[in-house]
Protein chains: 2
Amino acid sequence: MRVFKKILNAEDKKILAALREEIAALEPAARPLAGHILEAGGKRIRPLLTVLTARSFGCHDPIIYALAGGIEFLHGATLLHDDVVDGAGIRRGSPSAHTVFGASRAILAGDVLLAACMRIMLRSRKFGILESVSLAASKTAAGEVEEINNLRNPGLDYAGYLEIITNKTAWLIRCACEIGAMQAEASPEQIDAAAGFGLELGIAFQLVDDALDIAPEGLTGKPSGGDLREGKITPLLHFYLETMPPGEQTAFLHAFTQAAFKEEDLSAILGRMRACGCAERLRGIAGAHLTKAEAFLASFPPGEEHDALLDLLGYIKDREH
Amino acid sequence: MRVFKKILNAEDKKILAALREEIAALEPAARPLAGHILEAGGKRIRPLLTVLTARSFGCHDPIIYALAGGIEFLHGATLLHDDVVDGAGIRRGSPSAHTVFGASRAILAGDVLLAACMRIMLRSRKFGILESVSLAASKTAAGEVEEINNLRNPGLDYAGYLEIITNKTAWLIRCACEIGAMQAEASPEQIDAAAGFGLELGIAFQLVDDALDIAPEGLTGKPSGGDLREGKITPLLHFYLETMPPGEQTAFLHAFTQAAFKEEDLSAILGRMRACGCAERLRGIAGAHLTKAEAFLASFPPGEEHDALLDLLGYIKDREH
C-alpha cells in the first residue's frame, strides 16, 4: 500500500471524528446538510494536507484536527454551492444535497459552513490563518464565476484557463497547506514553501481531473465528457482542435459554441479525443507542476510526513478516478 | 427632518465611498454583481449603525467606514442568496441580481462578498469583531433555513417565530452595533449594551417589516401579502385566525397549508386582515422591543450619535415602507 494511503487511513478517522464534533456544534438547521455533504465519502485530501503540513513542521497539538475540519467545511461549502450552480444531481455516487434538501437549503447551509469555518479558524488566534482562509474562499468563488463567464468561449487561452483553475481549485489546497505550517509556527520561508507546494499540487490535481473528463465512465464512475457537455474550456479542447484540418475546426467550434452536439456526436468526439492522446499530454503538464511541488517539498523537514506528501504527488499523477 | 435622517444623509456619502473602494478591491469577476446589489439604493441602516456606535463610544478612526462597508458586504451576500432562495425577481424596484446575471453568479458573488467581509474585518486586528461577524453570518443563514423548514406550518408558535427572526434579521443588526463598540474599545458592559440595543432594534425592524406585508402596494412599493403567498408564518396569521369561528379556521388552514388560495381569495383575506387590526397589534409588540432598545441606549454616552440612534427607534416604529 502507498505510504500516503496508509497515513490517510490512519488520519482520516481522527479527521472524521473532528468533523463530526464540528457538525454537532453547528446551528441545528444546518446539521443534516453538513452531514450529507461531509460524510458522503470522498477522499478528504485537503484536511489531511493541513494535518501533515502542521506535523511536518513539528506541531502535534490536537487543534490541527479542528483546523483540518474547518478546511473541509470550506470545501463542503463550495461543493454545496457548486452542485446548485452546475445543477449536478449526483455527488460521489449519491444524490447531491440540493436534490435531497432543495436548492435553497443547500445554498444557506453552504453559508453556515463558510461562517463556521471562520469560527473554527478563530480558535488558532492567528490572523495569518484567517487571512489565508478568507482569501482562499474568495478566490475559489471568483474562479468559479470566471469559469461561468468563459463557458463555451474557445477564445479562453491557456493562461486564462490556468488562472481559473488556480483560483477555483488550487488556492484552497494551497491554503490547507499554508495554515498547517502557520499553526506550527514555521519560518516565513517554510510557510511560503508549504503554500507553494499546495498551489502546485492543487494545479496538478485539477489538470489531472480535467484529463480524466474523457476517461470512460466505467473507470471514473462519472459520465464521460461532462466538461464538453457543459461547455467548460479545458486544454483537451485545444489539443483536440490542433488535430483537425481548419475547415473541420470551424464546424466543430460552431457546434461547440452553440451547444449543438447530439449524444452520438459526443460519443464519436470522445473516442477521437481519447485516441489523439490529449489526456496524456495534459497529464504531462500536470507532471511538470508536480515536479515544482516536489521542489517546494525539499524545504520540509525529513520524516514520515514528508514521505507521505512525496508519495501523494505520485498518487495525484497516476490517479485514474 | 429627523435627526437620524440628517445624519444618515451626511454619513451615507462616506459609507458609499468606502463601499465603492471595497468593491474595486474585489476579484474582478465579482465586481459587477457586488455593484448591482450594493448600489441599488436601500437605506444602508446597518453600516450607519456601525459608524454611529463606534463614534458614540469615542472612535473616529476612518477604519469604521471600512468596517461599516464590511457589514454591508455581509448584508449584500445574504440578499444575493435570499433572492435566489425566494426566487425574487425584483429587489428595491430593480431586477434582482440573479435575474440579471444568473443564479449561479449570484450565489458565487455572495460567497465572494462573505469572504471579503472577513478580510475587511481582519484589518481591525480584533478577534472579538471576527467572532461577532462570523457568528452573525452563521445565525442569519441558519435562521433562513429554519424559516424554510416552517413554510406553511401554522404550528409554528410565537417563540419559534421569534427565534427565526432573531437569527435571520436581528443578529446581523446586533453585530453591526457590537463591532462598532468593539472597535471603539468600549467596556465589556458598553459592548453588551450596544449588542443588546442592536438585537432589540433588529427584532423590532423585522416585526414592523412583517406588519407591512399586508400594507397596500401603493404605500410600500412591494406586492401586498407576499408572506401569505409564500407561506411564511408571521404573527399576523395567528392574530387573523383568532378572529375566525373554529369551522372557518379549519377551512382557512387547509387552504393555507395546501397553497390553494386564488388571487381573489388573497385580496379578500388581505382586506379582512387589514380591517382586523392585526398589523397594529404586531407594531405594538415591535414597540415593546424598541422600548427595550431604548433602555440599552441609556448606557451610551450622551451626544449627537446617541440622539440619532434614539431618533432611529422612532423611525423604525413609524415606518410605512
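Chemist: Would you explain the overall build of chain A in this entry?
Modeler: Tallying secondary structure elements over chain A gives 16 helices and 2 strands in all. Dimensions of chain A, computed from the C-alpha atoms along their principal axes, are close to 60 × 45 × 35 Å. Counting the 321 residues in chain A, one finds 61% classified as buried. For chain A, the accessible area works out to roughly 12,200 Å², and carbon and sulfur atoms hold 55% of it.

Chemist: So what exactly am I meant to see when it comes to the interface of chain B and chain A here?
Modeler: Much of the literature gives interface size as the accessible area that the parts lose upon coming together. At the junction of the two partners, chain B supplies 34 residues and chain A supplies 34 residues. Across the interface of chain B and chain A, roughly 3,600 Å² is buried in total on both sides, 70% from carbon and sulfur atoms. On inspection of chain B and its partner chain A, the count reaches 4 salt bridges. One salt bridge connects Glu 27 of chain B with Lys 139 of chain A, and the closest N-O pair in it is separated by 3.6 Å. Linking chain B with chain A are 8 residue pairs in polar contact (both at pLDDT 80 or more), by the criterion used here. Those elements that place two or more of their residues in the side of chain B that touches chain A are α4 (63–86), α6 (103–122) and α7 (127–149) of chain B. Here the side of chain B that touches chain A takes 15 residues from α7 of chain B, the largest share from any one element.

Chemist: How should the relation of the copies chain B and chain A be read in this particular structure?
Modeler: Here two copies of a chain appear, and what relates them is a rotation about an axis with a shift along it. The two copies are related by a screw operation: chain B maps onto chain A through 180 degrees of rotation and 0.0 Å of translation along the axis, at an RMSD of 0.0 Å. Taken together, these values place the two copies in the relation of a two-fold axis. Interface overlap between copies is the fraction of interface residues in one copy that are interface residues in the other; for chain B against chain A it reaches 100%, indicating a shared surface.

Chemist: Honestly, the side chain of His 98 of chain A in this entry has me stumped. Any pointers?
Modeler: Residue and element names in this part refer to chain A. The topology assignment puts His 98 in helix α5 (residues 97–101). The class for His 98 is buried, based on a relative accessible area of 18%. Engagement of the side chain of His 98 in a polar contact is seen with the backbone oxygen of Asp 83, the distance being 3.2 Å. Apart from residues no more than four positions distant in its own chain, His 98 is found in contact with Asp 83, Val 84, Gly 87, Ala 88, Ala 103 and Ala 106.

Chemist: What is the right way to look at the pattern of salt bridges in this model?
Modeler: Opposite charge on two side chains makes pairing possible when the charged atoms of those side chains draw close. Applying the stated criterion across every chain yields a total of 41 salt bridges over all chains. Arg 125 of chain A serves as the salt-bridge partner of Glu 131 of chain B, at 3.4 Å between the closest nitrogen and oxygen. Taken together, the residues Glu 131 of chain B in helix α7 and Arg 125 of chain A in the loop between α6 (103–122) and α7 (127–149) connect one chain to another. The exposure class of Glu 131 of chain B is partly exposed, given its relative accessible area of 29%. As a salt-bridge pair, Arg 229 of chain A and Glu 263 of chain A come within 2.9 Å of each other at their nearest N and O atoms. Residue Arg 229 of chain A is found in helix α11 (residues 226–230), and its partner Glu 263 of chain A is found in helix α14 (residues 263–276); the two are separated by 34 residues along the sequence. We classify Arg 229 of chain A as partly exposed; its relative accessible area is 34%. Here Glu 263 of chain A falls in the partly exposed class, since its relative accessible area comes to 46%. Each of Glu 11, Lys 14, Arg 55, Glu 304 and Glu 305 of chain A takes part in one network of salt bridges that share partners.

Chemist: How do you make sense of helix α14 (residues 263–276) of chain B when you look at a structure like this?
Modeler: Structurally, the α-helix is built with 3.6 residues per turn, so residues lying three or four positions apart point the same way. Residue and element names in this part refer to chain B. With 14 residues, α14 should cover 20 Å at 1.5 Å per step; its first-to-last C-alpha distance of 20 Å lies within 8% of that length. The complete set of buried residues in α14 reads Leu 266, Ile 269, Leu 270 and Met 273. All buried residues of α14 fall inside an arc of 100 degrees around its axis, so they share one side. The exposed residues of α14 that point more than 90 degrees off its buried face are Glu 264 and Ala 275.

Chemist: So what exactly am I meant to see when it comes to the environment of Lys 126 of chain B here?
Modeler: Locating Lys 126 of chain B in the fold gives a position in the loop between α6 and α7. The class for Lys 126 of chain B is buried, based on a relative accessible area of 17%. Considered as a pair, Lys 126 of chain B and Met 182 of chain B are 56 residues apart in the sequence and their alpha carbons are 8.1 Å apart. Discounting chain neighbours no more than four positions away, the residues touching Lys 126 of chain B are Phe 127 of chain A together with Met 182, Gln 183 and Glu 185 of chain B. At 2.9 Å, the side chain of Lys 126 of chain B forms a polar contact with the side chain of Glu 185 of chain B.

Chemist: Help me out: how do you make sense of the packing of aromatic side chains in this one?
Modeler: On inspection of all chains with the given rule, the structure shows 15 aromatic pairs over all chains. Arranged with centres 6.4 Å apart and planes meeting at 5 degrees, the rings of Phe 252 of chain A and Phe 256 of chain A form a pair that is stacked. In this pair, Phe 252 of chain A and Phe 256 of chain A are both assigned in helix α13 (residues 246–257), 4 residues apart and thus about one turn of the helix distant. Classification of Phe 252 of chain A as buried rests on a relative accessible area of 7%. On the accessibility criterion, Phe 256 of chain A (0% relative accessible area) is buried. For the pair Phe 252 of chain A and Phe 261 of chain A, a centre-to-centre distance of 5.2 Å together with 40 degrees between the ring planes defines the contact as tilted. In this structure, Phe 252 of chain A and Phe 261 of chain A share a single accessibility class: buried. Above the plane of the ring of Phe 239 of chain A lies Arg 281 of chain A, whose end atom (NZ or CZ) is 3.8 Å from the centre. Note that Arg 152 of chain B overlies the ring of Phe 256 of chain B, its terminal NZ or CZ placed 5.7 Å from the centroid.

Criteria and cut-off values
- Residues numbered from 1 in each chain as written.
- Chains lettered and ligands numbered in written order.
- Predicted model: local features only at pLDDT ≥ 70, side-chain atom pairs only at ≥ 80, totals over all residues.
- Heavy atoms only, no water.
- Helix = DSSP H or I, 4+ residues; strand = E, 2+ residues; numbered from the N terminus.
- Buried < 20%, exposed > 50% of the residue type's maximum accessible area, 1.4 Å probe, protein only.
- Areas by Shrake-Rupley, 256 points an atom, 1.4 Å probe, with all protein chains shown as cover.
- Contact = heavy atoms within 4.5 Å.
- Buried area = accessible area lost by both parts, 1.4 Å probe.
- Salt bridge = Lys/Arg side-chain N within 4 Å of Asp/Glu carboxyl O.
- Polar contact = N/O pair within 3.5 Å; in protein donor to acceptor, adjacent residues only side chain to side chain.
- Least-squares fit on C-alpha atoms with pLDDT ≥ 70 in both.
- Expected span 1.5 Å × (residues − 1).
- Arc of directions from axis to C-beta.
- Phe/Tyr/Trp six-rings, centres within 6.5 Å; stacked < 30°, edge-to-face > 60°.
- Lys NZ or Arg CZ within 6 Å of the ring centre and 35° of its normal.

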